[in-house]
Amino acid sequence: MPTKSTFSTHRTHIAGVPVPELARRFGTPSYIYDAAKIVERVNDLKQFEVVRYAQKACSNIAILDLVRRHGVLVDAVSAGEIRRALAAGYPLHPAKHGDPHPIVYTADIFDRESLSLVVEQDIHCNCGSPDMIDQLGEAAPGREITLRINPGFGHGHSQKTNTGGEQSKHGIWHEQLADALRRADHRGLAVTGLHLHIGSGTDLEHLSQVCGAMERLAREVGRSLTTISAGGGLPVPYRAEQNYVDIDVYYKLWDASRKRLEDAFGHRLTLELEPGRYLVAESGYLVAEIRAVKKMGGNTFYVVDAGFNNLARPILYGAYHPMSICPADGSSAADRPTHDVVIGGPLCESGDIFTQEEGGFVATRKLPAAGVGDYLVIEVAGAYGAVMASNYNSKPLAAEVLIADGNAEPIRARQTFEDLIRGERIP
Ligand code: LLP
């Protein structure tokens, strides 16, 4: 299990492949993923009996296939994510009765498409609202369900990623658990599991509070429970001074809660973890090319060919990503002098700045001197990067590439202009 992360501002290779070679083969901007890093993170979590990947973090089917081959199950929040899981080879049902469901649909609503799909394909549902219980119960009585509960508190790296408490729309409010159980009963649904997810990018202190809430709520449900899910939220370091969460400590807290509940119920409980960011964040690099260097009064801007259309986290949350420079010729920038620079993207919008703080305040970053044609690599970009991209300013979605054993393989072609206008028509 890792403890500290180190970041350098001069990178020449990604997973053993020279950055200029990746840029030449796949173009810029491109998302590059290091398969070994994902596998390493999967292995960190081996103590947890069930690791269920929150694919919203990075749902390319090649990434899903990779984690599936390493024994990770999957979460889906939409009909599209269910279909992705199936396209990546996840089976619809467990190999034998009582095994964990390969795919679980967790959401706060069923849109009409997802409701038809979960009913037709018999996908397990983790219901995050009383209405979901009623709607599923009406369409498919007799099923087992799990409930996502909002325990009344939450925490995230930003207020926008806190999923607990009164300001959050997520889950069934903890004081309404008894009502939710009555609704399930009335509709002929058996509640076999509870799920708590308090936010994304949280910390061990807050994550630990969830165990106590789970124990209290699980006792309220009683012996019908066979599964408890700790949700996701495990953070990764984005800055040198940040540490990893001690997975061992975290596991032991949950395992102790599980054991107390097992003693109370007199049967075994499956403990699930539902990480997104932890598995994929550090595997991902957004490679961009510097296309202009501008002086604005006292600020120097490196303007690159990737923008918030590719990586929205800085503009949305003021999120900090480590960055490095790779010279066009592939040499190391380690000997170059460093300067405080602002990194901007190509979009016609002032907020298209990768070095910004929450609230939109422009910050600078100390990076090696660089010019047009050199590469800027935005790091720890594998989670909530490509999946949150848009076509703003009619920019195509970037290419995605997976490197395994030194081989770089395209896993998504860069969009073409025809892709961009597909479905549009002039009447
Ligand atoms: N389970 C549930 C029910 C969730 O809502 C989420 C994240 C996860 C698991 C995975 O959380 P993780 O382990 O990745 O922290 N776009 C934001 C993050 C939004 C997270 C949404 N839900 C960001 O870029 O930081």
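Calculation criteria
- Residues numbered from 1 in each chain as written.
- Predicted model: local features only at pLDDT ≥ 70, side-chain atom pairs only at ≥ 80, totals over all residues.
- Heavy atoms only, no water.
- Axes fitted to C-alpha atoms, helices over the stretch in contact; angles between N-to-C directions.
- Helix = DSSP H or I, 4+ residues; strand = E, 2+ residues; numbered from the N terminus.
- Parallel < 35°, antiparallel > 145°, perpendicular 65-115°, else oblique.
- Contact = heavy atoms within 4.5 Å.
- Nonpolar A, V, L, I, M, F, W, Y, C, P; charged D, E, K, R; others polar.
- pLDDT = per-residue confidence, 0-100.
- Near = heavy atom within 4 Å.
- Polar contact = N/O pair within 3.5 Å; in protein donor to acceptor, adjacent residues only side chain to side chain.
- Areas by Shrake-Rupley, 256 points an atom, 1.4 Å probe, with all protein chains shown as cover.
- Phe/Tyr/Trp six-rings, centres within 6.5 Å; stacked < 30°, edge-to-face > 60°.
- Lys NZ or Arg CZ within 6 Å of the ring centre and 35° of its normal.
- Buried < 20%, exposed > 50% of the residue type's maximum accessible area, 1.4 Å probe, protein only.
- Pairing = 2+ DSSP bridges.
- Left-handed = near helix turned anticlockwise from the far one by under 90°.
- Salt bridge = Lys/Arg side-chain N within 4 Å of Asp/Glu carboxyl O.

### Remarks on the packing of helix H4 (residues 79-87) against helix H5 (residues 112-121)
Stage number 1. The N-to-C vectors of H4 and H5 enclose an angle of 40°; their axes lie 8 Å apart at closest approach. Considered as vectors, H4 and H5 are oriented oblique to each other. Contacts between H4 and H5 involve Ala79, Ile82 and Arg83 from the former and Glu113, Ser114, Leu117 and Val118 from the latter.
Stage number 2. Tallied by class, the residues present in the contact of H4 with H5 amount to 4 nonpolar, 1 polar and 2 charged.

### Some points on the confidence of the model for the chain
Stage number 1. Chain-level statistics for the chain give a pLDDT mean of 96 and a share of 100% at 70 or above.
Stage number 2. By mean pLDDT, the top-scoring element of the chain is strand E3 (residues 30-34) (99), and the lowest-scoring one is helix H8 (residues 204-221) (93).

### Notes on the site of the ligand
Stage number 1. The environment of the ligand is formed by 19 residues, the closest being His157, Ser200, Glu274, Arg313 and Tyr384.
Stage number 2. Interatomic distance of 2.6 Å between a side-chain N/O atom of His157 and an oxygen atom of the ligand.
Stage number 3. Within the backbone of Gly233, a nitrogen or oxygen atom sits 2.8 Å from an oxygen atom of the ligand.
Stage number 4. Contact with the protein chains removes 92% of the 580 Å² of surface that the ligand exposes when unbound.
Stage number 5. Here the shell around the ligand is composed, by residue class, of 5 nonpolar, 9 polar and 5 charged.

### Here's the deal with the packing of aromatic side chains
Stage number 1. Enumeration over the complete set of coordinates arrives at 5 aromatic pairs.
Stage number 2. Their ring planes at 85° and their centres at 5.1 Å tell us that Phe48 and Tyr251 sit as a pair that is edge-to-face. In this pair, Phe48 sits in the loop between helix H2 (35-44) and strand E4 (50-54) while Tyr251 sits in helix H9 (residues 247-265), placing the two residues 203 residues apart along the sequence.
Stage number 3. Here the aromatic cluster, defined as three or more aromatic residues joined through ring pairs, consists of Phe48, Tyr250 and Tyr251.
Stage number 4. For Arg239, the ring lying beneath its charged end belongs to Tyr320, and the centroid distance is 3.9 Å.

### Side note on the pairing of strand E19 (residues 399-404)
Stage number 1. When you tally the buried positions in E19, you get 5 out of 6 residues, the bulk of the element.
Stage number 2. One ladder, built from 5 bridges, connects E3 with E19; its direction is parallel. Counted as the bridge partner of Asp34 is Ile403 from E19.
Stage number 3. Note: E19 against strand E20 (residues 407-412), 5 bridges, orientation antiparallel.

### Focus: the packing of H2 against helix H3 (residues 61-69)
Stage number 1. Where H2 contacts H3, the axes come no closer than 10 Å and their chain directions differ by 40°. In terms of their interaxial angle, H2 and H3 are classed as oblique. Both H2 and H3 take part in a crossing whose hand is right-handed. Packed against H2, whose contacting residues are Ala35, Ile38, Val39 and Val42, the element H3 presents Ile63, Leu66 and Val67 at the interface.
Stage number 2. Grouping the constituent residues of the contact of H2 with H3 by class yields 7 nonpolar, no polar and no charged.

### Side note on the environment of Asp329
Stage number 1. Tracing the sequence through the fold places Asp329 in the loop between strand E15 (323-326) and strand E16 (338-344).
Stage number 2. Taking the relative accessible area as the measure of exposure, Asp329 reaches 63% and is therefore exposed.
Stage number 3. Through-space distance from the C-alpha of Asp329 to that of Val19 is 9.4 Å; in sequence the pair is 310 residues apart.
Stage number 4. A distance of 2.7 Å separates the side chain of Asp329 from the side chain of Ser331, its partner in a polar contact.

### Observations concerning unusual backbone geometry
Residues apart from glycine generally show negative phi values, whereas peptide bonds are mostly found in trans.
Stage number 1. Looking along the chain, the bond that leaves Thr28 and enters Pro29 is cis, with omega of -10°.
Stage number 2. Located in the positive-phi region is Ala15, a residue other than glycine, with phi close to 50°.
Stage number 3. Secondary-structure assignment places Ala15 in the loop between strand E1 (13-14) and strand E2 (17-18).
Stage number 4. A relative accessible area of 29% means that Ala15 is categorised as partly exposed.
Stage number 5. One non-glycine residue with positive phi stands out, namely Asn393, at about 65°.
Stage number 6. Inspection of the secondary structure assignment puts Asn393 in the loop between strand E18 (375-378) and E19.

### So, the pattern of salt bridges
Stage number 1. What the rule picks out here adds up to 28 salt bridges.
Stage number 2. Among the ionic pairs, Asp99 bridges to Lys96, the shortest N-O distance being 3.3 Å.
Stage number 3. For Asp99, a relative accessible area of 28% puts it in the partly exposed group.
Stage number 4. Residues Arg143 and Asp122 are paired through a salt bridge, measuring 3.3 Å at the closest nitrogen-oxygen approach. Of this pair, Arg143 sits in the loop between helix H6 (130-139) and strand E8 (144-150) while Asp122 sits in the loop between H5 and strand E7 (124-127), and the two are 21 residues apart along the sequence.
Stage number 5. The exposure class of Arg143 is buried, given its relative accessible area of 13%.
Stage number 6. Classification of Asp122 by relative accessible area gives partly exposed; the value is 40%.

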